[in-house]
Amino acid sequence: EKLGFAIEDKAMSINGNKLANLALSNIRLVDRNLFERAADVRWWATDEILVNNLSKNDSFSEASKRLEIMLESYPVYYDLLLCDKSGTCVASAAPKFDLSGHNFSQKPWFKNAMVSKDGTEYAFETVHYSQTIRDYTITFSCKVHECADPEKPVIGVIAAVFKWKEFVQRIVNETGLTEEEKEKTRVLICDDHGNILADT
């Protein structure tokens, strides 16, 4: 997906090159962070405990504990989900959201993962408001293969629910402007359809 930053100088008094450089800097911050999130989900799709639990189709208590440990180490996520091939969540990291047992087969992040080439690729659902999480998120996802081998059958999908608003608002709010400049400037991030995804 394409993202773009807009920095509007309401008083038309800030150097245009400075605004362009600030926008470029913000784009790089978002790009680098989202690249890391895509790497996370592809790595976790090969986790031995998660793969074994899906293969054996057992109680998934080990998988739930493993996901909880991962979430503790990565507070940038609301929840981590492990789903079987039908889209049913068999384990989750955050019990407070009560997502285990829910079927996500119609969610874009699940559909996109299932049509991806294999577990070396990632999929996602773009910025959206989650009624369950009650906040704006991006959900990254990846196929899980038997024996963590992309050449073997798909046994499920892992998903990571990213804290989008908490992350992106910090970037737009901390854009390198002086206090005087901030008073007459608006910083936004938009998608390729022009939808505003963050705004000072």
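Just so you know, these numbers come straight off a predicted model, no measurement behind them. Residue positions are given per chain, counting from 1 as you read along its sequence in written order. Reporting in this predicted model follows two pLDDT cut-offs: at least 70 for local features of residues, and 80 or more for side-chain atom pairs to be given and counted; totals over whole chains, interfaces and linings ignore these cut-offs and use all residues. Computation of side-chain values covers all heavy atoms of the structure but excludes hydrogens and water.

1. Section: the pattern of salt bridges
Here's step 1: For this document, the term salt bridge refers to a Lys or Arg side-chain nitrogen within 4 Å of an Asp or Glu carboxyl oxygen. Summed over all chains, the structure comprises seven salt bridges.
Here's step 2: The closest approach of N and O atoms between Glu181 and Lys18, which form a salt bridge, is 2.8 Å. Placement of the pair is Glu181 in helix H6 (residues 179-183) and Lys18 in helix H1 (residues 16-44), with a sequence separation of 163 residues.
Here's step 3: Residue Asp40 is joined to Arg37 by a salt bridge in which the shortest nitrogen-to-oxygen separation is 3.0 Å. Taken together, the positions of Asp40 and Arg37, both in helix H1 and three residues apart, correspond to about one turn of that helix. This pair shows no difference in class: Asp40 is buried, exactly as Arg37 is.
Here's step 4: Put simply, Glu36, Arg37 and Asp40 are held in one network by salt bridges that share partners. Counting from the N terminus, the helices are DSSP H or I runs at least four residues long and the strands are E runs at least two residues long. Only protein chains enter the accessibility calculation, which uses a 1.4 Å probe; a residue is then buried when its area is under 20% of its type maximum, exposed when over 50%, and partly exposed in between.

2. Some details on the pairing of strand E3 (residues 89-92)
Here's step 1: Criterion used throughout: strands pair if DSSP finds at least two bridges between them. Looking at chain direction, strand E2 (residues 77-84) and E3 are connected through three bridges and run antiparallel. Looking at E3, one finds that Leu81 is bridged to Ser92.
Here's step 2: If you look at the hairpin formed by E2 and E3, you'll find four residues sitting between the two strands, and Gly87 has a positive phi there, around 95°.

3. Description of unusual backbone geometry
Here's step 1: Of note, Asp98 is a non-glycine position whose phi angle comes to about 55°, a positive value.
Here's step 2: Counting through the fold element by element, Asp98 comes out in the loop between E3 and helix H4 (108-114).
Here's step 3: Residue Asp98 is classed as exposed on the basis of its relative accessible area, which comes to 55%.
Here's step 4: Although it is not a glycine, Arg134 adopts a positive phi angle of roughly 65°.
Here's step 5: Tracing the sequence through the fold places Arg134 in the loop between strand E4 (123-130) and strand E5 (135-145).

4. Considering H1
Here's step 1: Under the convention used throughout, the expected extent of a helix is 1.5 Å for every residue step, that is, one less than its residue count. The end-to-end C-alpha distance of H1, which contains 29 residues, comes to 43 Å, matching closely the 42 Å that a straight helix rising 1.5 Å per residue would cover.
Here's step 2: Along H1, the residues classified as buried are Leu19, Leu22, Ala23, Asn26, Val30, Asn33, Leu34, Arg37, Ala38, Asp40, Val41 and Trp44.

5. Remarks on the packing of helix H2 (residues 48-56) against helix H3 (residues 61-73)
Here's step 1: The axes are straight lines fitted to the C-alpha atoms, using for helices just the contacting stretch, and the angles between their N-to-C directions are given from 0 to 180°. It is at 9 Å that the axes of H2 and H3 come closest, and there the two elements cross at 155°. With respect to each other, H2 and H3 are oriented roughly antiparallel. By crossing handedness, the relation of H2 to H3 is classed as left-handed. Two secondary-structure elements touch here, H2 through Ile49, Leu50 and Asn53 and H3 through Ser61, Glu62, Ala63, Arg66, Leu67 and Met70. Any angle that falls under 35 degrees is termed roughly parallel, while one over 145 is termed roughly antiparallel, one within 65 to 115 roughly perpendicular, and all others oblique. Put simply, a crossing is left-handed when the front helix is turned counterclockwise from the back one by less than a right angle, and right-handed when it is turned clockwise. Any two residues whose heavy atoms approach within 4.5 Å at even a single point are treated as in contact.

6. Details of the environment of Ile158
Here's step 1: With respect to the element layout, Ile158 can be found in strand E6 (residues 154-163).
Here's step 2: Classification of Ile158 by relative accessible area gives buried; the value is 1%.
Here's step 3: Linking Ile158 and Leu80, residues 78 residues apart in sequence, is a C-alpha distance of 7.4 Å.
Here's step 4: Those residues within four positions of Ile158 in sequence are excluded, and the remaining contacts are Val41, Trp44, Ala45, Leu50, Leu67, Leu81, Leu82, Phe140, Ser141, Cys142 and Val144.

7. Focus on the pairing of strand E8 (residues 196-199)
Here's step 1: In this structure, strand E7 (residues 185-191) lies alongside E8, joined through three bridges in antiparallel fashion. Note on E8: the bridge partner recorded for Ile189 is Ala198.
Here's step 2: Here E7 folds back onto E8 in antiparallel fashion, the turn holding four residues, of which Gly194 has a positive phi close to 90°.

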